[in-house]
Amino acid sequence: MDYDIARARLINQLAGEIQDKRVLSAMSRVPRELFVPAALAGSAYENVPLPIGANQTISQPYIVALMTASLELNPQKKVLEIGTGSGYQTAVLAELAGQVVTTERIPELLQKAKTVLERLGYKNIEIHPAAETLGWQDGAPYDAIITTAGAPNIPDILLQQLAVEGRLVIPVGSRYEQVLHLIIKHPGGIEDIDLGGCRFVSLIGKDAWEG
Ligand code: SAH
C-alpha cells in the first residue's frame, strides 16, 4: 500500500469540507498509519475513527480537521489537548502551534503515543499522565484547548485554564452522542458556537463522567 498516495487522496477529499489550507497541509505531513495498530494500517486513510486499544479510538480525520481549524493556531500559540490517545491529533497540533501540552489517563496509550511522537522528532510536545483534575494547570493559561473525549457539560476547570480570547473545542452531550462546541472566552462572557453532531468516547474524571 502506498501511504503517500492514500494520504493525498484523503486530504483532497477533506478539502471539500474544510477550508483551512494550513490545517490540511499539516495533516498531509502527519503519517496517520503510524498512529493506528499495525493490523489496521491499511485503513489509516479511510475517513473513519479506528480502535486503538483499551476501548479507545483515534478520531475520524474529518473531525480532527474540523476541531483543529476551529482553534485558529499559529506558531505563537500554546495549546492544551485532553486525551492524547494515539497521539495523532497531538502531532497535527504540533505542526501548527508553538507549544503543545497533552494529557492522557491510560498509561499504555500514553507510552505508545510518546514513542511514536518522539520517533517523528516533535520537540514542542509535553505529554503528561492525567492529573486528578482536568487539564494541566501548570501550563495555563492556554490560547486554545481541545478535548478529544465527550463531556457531560463544559467543565469550568477548563474555562479557568483558557486565556482571554482563547478557544476551547469540546464534545458535550450524553455518553453516546454529543454536539461539538466551540467556546470563545471573551472578556465580557462566553461565546458558544455549535459545530455539529459527533460521537466520542467518554471523558473520565472528577469533572466529567465516572470511569
Ligand atoms: N486525540 C486522540 C483521541 C483518543 S480518544 C486520537 O486522535 O487518537 C480519547 C482519549 O481521551 C482516550 O485515550 C482516553 O483515555 C482519554 N481520556 C479520557 N478522559 C481523560 C481525562 N480526564 N484526561 C486525559 N485523558 C482522558
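The structure we're discussing is the one just above.
These numbers were taken from a predicted model, which means no experiment stands behind them.

**Looking at helix α3 (residues 61–70)**
- Buried residues dominate α3, accounting for 9 of its 10 residues.
- Taken as a whole, α3 has its buried residues at Pro61, Ile63, Val64, Ala65, Leu66, Met67, Thr68, Ala69 and Ser70.
- Once α3 ends, the next one or two residues include Glu72, with phi positive near 50°.

**Considerations on the environment of Leu71**
- As for its position among the elements, Leu71 is in the loop between α3 and β3 (78–82).
- On the accessibility criterion, Leu71 (2% relative accessible area) is buried.

**Some points on the packing of aromatic side chains**
- Enumeration according to the criterion identifies 2 aromatic pairs in this entry.
- With a centroid separation of 6.4 Å and an interplanar angle of 55°, the aromatic rings of Tyr3 and Tyr45 are classed as tilted. Placement of Tyr3 in helix α1 (residues 3–14) and of Tyr45 in the loop between α2 (21–28) and β1 (50–53) is noted, with a sequence separation of 42 residues between them.
- On the basis of an interplanar angle of 70° and a centroid distance of 5.8 Å, the ring pair of Phe35 and Tyr88 is categorised as edge-to-face. Placement of Phe35 in the loop between α2 and β1 and of Tyr88 in helix α4 (residues 88–96) is noted, with a sequence separation of 53 residues between them. For the pair Phe35 and Tyr88, a shared accessibility class is recorded, and that class is buried.
- It is Arg32 that lies over the ring of Tyr88; its NZ or CZ is 5.7 Å from the centre.

**A word on the site of the ligand**
- Around the ligand there are 24 residues in total, and Thr57, Gly83, Ser86, Glu104 and Ile204 lie nearest to it.
- One of the side-chain nitrogen or oxygen atoms of Ser86 is found 2.6 Å away from an oxygen atom of the ligand.
- Taking Glu104, its side chain carries an N or O atom lying 2.6 Å from an oxygen atom of the ligand.
- Here the ligand has 580 Å² of accessible area as a free molecule, and 98% of this is covered by the chains.
- Where the shell around the ligand is concerned, the elements lending two or more residues are β2 (56–58), β3 and β4 (99–104).
- Per-class residue counts for the shell around the ligand are 10 nonpolar, 11 polar and 3 charged.

**Quick word on the nonpolar core**
- Residues Met27, Phe35, Leu71, Leu73, Val79 and Tyr88 are the most contacted members of the largest nonpolar core, which totals 49 residues.
- Within the residue set of this core, elements represented by two or more residues are α1, α2, β1, α3, α4, α5 (107–119), β5 (125–129) and β6 (142–147).
- For Phe35, the residues in contact, after removing those within four places along its chain, are Val30, Ile52, Ile58, Ser86, Gly87, Tyr88, Ala91, Val116, Leu117 and Leu120.
- In this structure, Leu80, Ala149, Ile157 and Leu168 belong to the second largest nonpolar core, which totals 19 residues.

**A few points about the pairing of strand β8 (residues 178–186)**
- Taken together, the 7 bridges between strand β7 (residues 162–173) and β8 define a ladder with antiparallel strand orientation. In the strand pairing of β8, Leu168 is matched with Ile183.
- Turn length for the β7-β8 hairpin, with the two strands adjacent in sequence and antiparallel, is 4 residues.
- As judged from the 8 bridges shared by β8 and strand β9 (residues 189–198), these two strands associate in the antiparallel manner. Looking across to β9, one finds that Val179 is bridged to Gly197.

**A short note on the packing of α2 against α4**
- Orientation of α2 relative to α4, taken along the N-to-C sense of each, is 125°, at an axis distance of 9 Å. In terms of their interaxial angle, α2 and α4 are classed as oblique. Regarding α2 and α4, the two cross each other, and that crossing is right-handed. Between α2 and α4, the contacting residues are Arg22, Val23, Ala26 and Met27 on the first element and Tyr88, Val92, Glu95 and Leu96 on the second.
- Partitioning the contact of α2 with α4 into residue classes produces 6 nonpolar, no polar and 2 charged.

Calculation notes
- Residues numbered from 1 in each chain as written.
- Predicted model: local features only at pLDDT ≥ 70, side-chain atom pairs only at ≥ 80, totals over all residues.
- Heavy atoms only, no water.
- Buried < 20%, exposed > 50% of the residue type's maximum accessible area, 1.4 Å probe, protein only.
- Helix = DSSP H or I, 4+ residues; strand = E, 2+ residues; numbered from the N terminus.
- Phe/Tyr/Trp six-rings, centres within 6.5 Å; stacked < 30°, edge-to-face > 60°.
- Lys NZ or Arg CZ within 6 Å of the ring centre and 35° of its normal.
- Near = heavy atom within 4 Å.
- Polar contact = N/O pair within 3.5 Å; in protein donor to acceptor, adjacent residues only side chain to side chain.
- Areas by Shrake-Rupley, 256 points an atom, 1.4 Å probe, with all protein chains shown as cover.
- Nonpolar A, V, L, I, M, F, W, Y, C, P; charged D, E, K, R; others polar.
- Core = buried A, V, L, I, M, F, W, Y, C linked by side-chain atoms within 4.5 Å.
- Contact = heavy atoms within 4.5 Å.
- Pairing = 2+ DSSP bridges.
- Axes fitted to C-alpha atoms, helices over the stretch in contact; angles between N-to-C directions.
- Parallel < 35°, antiparallel > 145°, perpendicular 65-115°, else oblique.
- Left-handed = near helix turned anticlockwise from the far one by under 90°.

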